[in-house]
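Examination of the molecular architecture
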Amino acid sequence: MNKVQPSIENALAGIKDGMTLMIGGFGLCGIPENAIKELVKMGVRELTCISNNAGVDNYGLGLLLQQQQIKKMISSYVGENDAFERQMLSGELEVDLIPQGSLAERCRAGGAGIPAFFTPAGFGTEVAEGKEVRIFNGKPHILEEALTADFAIVKAWKGDTEGNLVYKATAMNFNPMMAMAGKITIAEVEELVPAGTLDPNFIHTPGIFVQRIFQGAVFEKRIEQRTVRTR
Amino acid sequence: MALDKIGIAKRIAQELRDGWYVNLGIGIPTLVANYVPEGLNVEFQSENGVLGMGPFPFEGEEDADLINAGKQTITVKPGAAFFDSATSFAMIRGKHVQLTVLGAMEVSENGDIANWKIPGKMVKGMGGAMDLVASAENIIVAMMHSNKAGESKLLKTCTLPLTGVACVKKVVTELAVLEIQHGAFHLLERAPGVSVEEIMAKTEGTLVIPPSVPEMTL
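In this report, we go over the structure that sits alongside the text. A quick note: this is a predicted structure, and the numbers were derived from the prediction, not measured. What you see as residue numbers is a count from 1 along each chain, following the sequence as written. The lettering of chains begins at A and the numbering of ligands begins at 1, in the order of writing. Residue-level local features of this predicted model are given only where pLDDT is at least 70; pairs of side-chain atoms are given and counted only at 80 or more, and the full residue set underlies all totals for whole chains, interfaces and linings. Where side-chain values are given, they derive from all heavy atoms of the structure, hydrogens and water being excluded.

1. A look at the sheet that holds strand β13 (residues 176–181) of chain B
All names here are of chain B. Strands are labelled as partners when DSSP assigns at least two bridges between them. Counting from the N terminus, the helices are DSSP H or I runs at least four residues long and the strands are E runs at least two residues long. With respect to topology, ten strands assemble into an open sheet ordered β4-β3-β2-β1-β5-β10-β12-β13-β14-β15, the strand pairing being mixed. Of all strands in the sheet, those bounded by a partner on one side alone are β4 (76–82) and β15 (207–208). The pairing of strand β14 (residues 184–190) with β15 spans two bridges and is classified as parallel. By the bridge assignment, Phe185 is partnered in β15 with Leu207.

2. Focus on the environment of Leu175 of chain B
Residues and elements named next belong to chain B. The topology assignment puts Leu175 in the loop between β12 (170–172) and β13. A C-alpha to C-alpha distance of 9.0 Å links Leu175 and Ile8, two positions 167 residues apart in sequence. Beyond its immediate stretch of four places on either side in the chain, Leu175 contacts Ala2, His145, Glu189, Arg190, Ala191, Val194, Glu198, Ile199, Lys202 and Met216. In this analysis, two residues are considered to be in contact whenever any of their non-hydrogen atoms come within 4.5 Å of each other.

3. So, the sheet that holds strand β7 (residues 139–145) of chain A
Residue and element names in this part refer to chain A. Taken together, three strands build an open sheet; the order of strands is β5-β7-β6 and the sheet is antiparallel. What marks the edges here is a single partner per strand, and that holds for β5 (116–119) and β6 (133–136). Between one strand and the next, the sheet's axes are offset by a mean angle of 40 degrees, whatever the strand orientation. Both β5 and β7 contribute to a ladder of four bridges, which runs antiparallel. Bridging from a neighbouring strand, Phe118 pairs with Leu143 of β7. Seen against the sheet, helix α5 (residues 100–112) touches β5 and β7 and runs at an angle of roughly 155 degrees to β5. Helix axes are fitted to C-alpha atoms over the stretch in contact, other axes to C-alpha atoms as well, and angles between N-to-C directions run from 0 to 180 degrees.

4. Brief notes about the packing of α5 of chain A against helix α3 (residues 85–93) of chain B
Relative to each other, α5 of chain A and α3 of chain B sit at 125 degrees, their axes nearing to 9 Å. In terms of axis orientation, α5 of chain A runs oblique to α3 of chain B. As for the relative orientation of α5 of chain A and α3 of chain B, their crossing is left-handed in sense. Contacts from Gln100, Gly101, Ser102, Ala104, Glu105 and Arg108 of chain A of α5 of chain A reach α3 of chain B at Ser85, Ala86, Phe89 and Arg93 of chain B. Amino acid classes used here: Ala, Val, Leu, Ile, Met, Phe, Trp, Tyr, Cys and Pro are nonpolar; Asp, Glu, Lys and Arg are charged; the rest, including Gly, are polar. Residue composition of the contact of α5 of chain A with α3 of chain B, grouped by class: three nonpolar, four polar and three charged. Working definition: roughly parallel below 35 degrees, roughly antiparallel above 145 degrees, roughly perpendicular at 65 to 115 degrees, and oblique for all remaining angles. Here a crossing is called left-handed whenever its near helix is offset anticlockwise from the far helix by less than a right angle, and right-handed whenever the offset is clockwise.

The structure is reproduced here in structure tokens:
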């Protein structure tokens, strides 16, 4: 099986209206920016997107929101996206806000074959509504269920022809768990190298979790909060 | 005189202890990193996946792949580590992080905290705050004593949707340091020149005042 895709169109083939997608990244850091632009081009609609954020108004998943391609977002933080906040408050967009750690673990669980787990996060809050509560070590915990997706689209720094991935710095974030939880996982990489080039000791995501891989054409890598100190 | 944001950060920095791993939230908490007392070795964790955060980069040296949970560009110190978000929250839930400092819209006298949503008006999302407050042993809230409308943010009961229940241990505001114990705010210190009366007037929740309240030393 050849995982390497000849084009971005091939890489994203099969993504249809109404599907559930996991999109890696935290803010604009470590997002599969080429694949997101391609989803806009494909015009797929009624998507459920699982992603920590929703990009900003004019980049990342914000591009899909602008075109109203997203029916439902499952996220932890939406503070930097006015369109998102507006569509959510007006009810156009269905939003499931869940604690960041629970989101990460729900993806990990989905990929690891664990259907649900108990966590203390969110007990006593809106997040706990309708969820089973159990006491462990004298402390209440809520039951959170695993998440999976029809497609997971992740972004890595380097990948090889076997689908092994290496991430850079904090661009790793949600990508490894989402890579595990996709029925089909598509990896967008900055650099695609032949098998044997990457040191097996330093692989972050083993290739077993990746079905398709392609090298992105352009990486803008926008910065949301450029913060510097003076020399 | 009431403290400014830097004053609040400096006072919180006095709570740091050698060898601690510390998570700082967005806003005033981020400033705490600038005032670590000399001689202390403290590692800062950011929940998007980094341990060993250093100062902000010099202009021209920003790396889009290296940010903190506030999405600000950062640097790392020698000995830093990167990891995925599940591992990051394993550190937090697993109580491997000794101190969490975060902002709040409201704190109640039993330690409840609200900081993620104003129904019908503003929804930013909880991000990692719910995981942090549910598990951290030591939580300090950094915030202003009153909101923009002049209403107290230290309440008997929170009015906004909660982030966590009975979890806040200490609150540092521009006026005071308060410890939460047995369902009340205990006044520990007051900002230089700020009267106990002013703190009483601006605190809606139950306030316990000892016979003498020292001024903060910054």
